[in-house]
Amino acid sequence: MWNKTIIFSIAASFLLMSCGPSLKERKEEADIHYKTGEVQFAEKNYSVALEELMKAVKLYPGDASYHNMLGLTYFVKKMYLEALKEFNEAVRLSPDYSEAHLNAGAVSSELKDFDMAIAHFKAAAGNILYKTPEYAWNNLGWAYYNKGMYANAVESYKKAIEAVPDYQMAYYNMGLAYDKMNKIDEASQAFKRTVELAPNFVDAHYQLGLVSIRRKDKDTARQSFGRVMELIPQSDKGRSAKEYLDLLK
């Protein structure tokens, strides 16, 4: 006959083996894969990063930061639907995760789903604890711009500038929106502020040149197109700037 103690010992050992690693152990192992994935992402080894981050999510699917990082990796590999799935899971797990909302909005914009992008950007910007709301406001403005809602876009860019007064991209985008609204004086001021903050911003100089022609401000137009030619003389934009300069003689 079998000794009952031996039987119980065998049963207990089998139970322990079948349980596998504990939740804590899985989280610790997942953290290792996550941190490795972050490093590989930073070094632009995206395929290796993807493999590591997928392992992290599989081991411990309840960490929103894992899903966000995995989404970023899918995003840079232009796997937009997979990226959006991960960002949405991140915000499901952590509804106040502004960075994940921002990323979900960026993917939605890439997919031309601007209504969804607006919802995510609003969620990110509305979080009073979010440390960089200017990105959310600027992206919100861009989503409105793409929907043809230029006044809403301008208001969003103003919010971005309130958060960071020298936010050059928000000034530039605001200039584009004002231009669409045919508010060329406001557009001119926005582009002028952009090039003050970023003297080598070619597109801003070019747009300022175009607006200046419409405002019949030939001196500013010449200066702007001349700067474009200085910065990128052999490009299509540089050649276009030269043609405008020839017309302005």
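Values in this document were obtained by computation on a predicted structure and should not be read as measured data.

Here is what the cut-offs are and how they apply
- Residues numbered from 1 in each chain as written.
- Predicted model: local features only at pLDDT ≥ 70, side-chain atom pairs only at ≥ 80, totals over all residues.
- Heavy atoms only, no water.
- Core = buried A, V, L, I, M, F, W, Y, C linked by side-chain atoms within 4.5 Å.
- Buried < 20%, exposed > 50% of the residue type's maximum accessible area, 1.4 Å probe, protein only.
- Helix = DSSP H or I, 4+ residues; strand = E, 2+ residues; numbered from the N terminus.
- Contact = heavy atoms within 4.5 Å.
- Expected span 1.5 Å × (residues − 1).
- Axes fitted to C-alpha atoms, helices over the stretch in contact; angles between N-to-C directions.
- Parallel < 35°, antiparallel > 145°, perpendicular 65-115°, else oblique.
- Left-handed = near helix turned anticlockwise from the far one by under 90°.
- Nonpolar A, V, L, I, M, F, W, Y, C, P; charged D, E, K, R; others polar.

(A) Here's a closer look at the nonpolar core. In terms of nonpolar packing, the biggest core is built from 35 residues, with Met-174 and Phe-191 touching the most fellow members. For this core, the secondary structure elements donating two or more residues are α7 (114–125), α8 (133–146), α9 (150–163), α10 (168–180), α11 (184–197) and α12 (202–214). If one sorts the elements of this core by residue count, α10 sits on top with 7 residues. Each residue touching Phe-191, except ones within four places of it in the same chain, is listed here: Tyr-172, Gly-175, Leu-176, Ala-204, Gln-207, Leu-208 and Val-211. Counting residues in each nonpolar core, the second largest holds 18 residues, with Tyr-34, Ala-49, Tyr-80 and Leu-84 among its members.

(B) Representation of helix α6 (residues 98–110). Taking 1.5 Å per residue as the helical rise, α6 with its 13 residues ought to reach 18 Å, and the 18 Å between its terminal C-alpha atoms agrees with that figure. Burial runs high along α6: 10 of the 13 residues are buried. Regarding α6, the residues found buried are Ser-98, Ala-100, His-101, Leu-102, Asn-103, Ala-104, Gly-105, Val-107, Ser-108 and Ser-109. The secondary structure elements touched by the buried residues of α6 are α4 (64–76), α5 (80–93), α7 and α8.

(C) Quick look at the packing of α11 against α12. Two elements in contact, α11 and α12, have axes whose closest approach is 9 Å; the angle formed by their N-to-C orientations is 150 degrees. With respect to each other, α11 and α12 are oriented roughly antiparallel. Crossing hand, α11 versus α12: left-handed. Residues Ile-184, Ala-187, Ser-188, Phe-191, Lys-192, Thr-194 and Val-195 of α11 pack against Ala-204, His-205, Gln-207, Leu-208, Val-211 and Arg-214 of α12. Counted by class, the contact of α11 with α12 contains 7 nonpolar, 4 polar and 2 charged residues.

(D) Representation of α7 within the structure. An ideal rise of 1.5 Å per residue puts 16 Å on 12 residues; α7 measures up with 16 Å between its terminal C-alpha atoms. Listed in full, the buried residues belonging to α7 are Phe-114, Ala-117, Ile-118, His-120, Phe-121, Ala-124 and Ala-125. Looking at the buried positions of α7, the neighbouring elements they touch are α5, α6 and α8.

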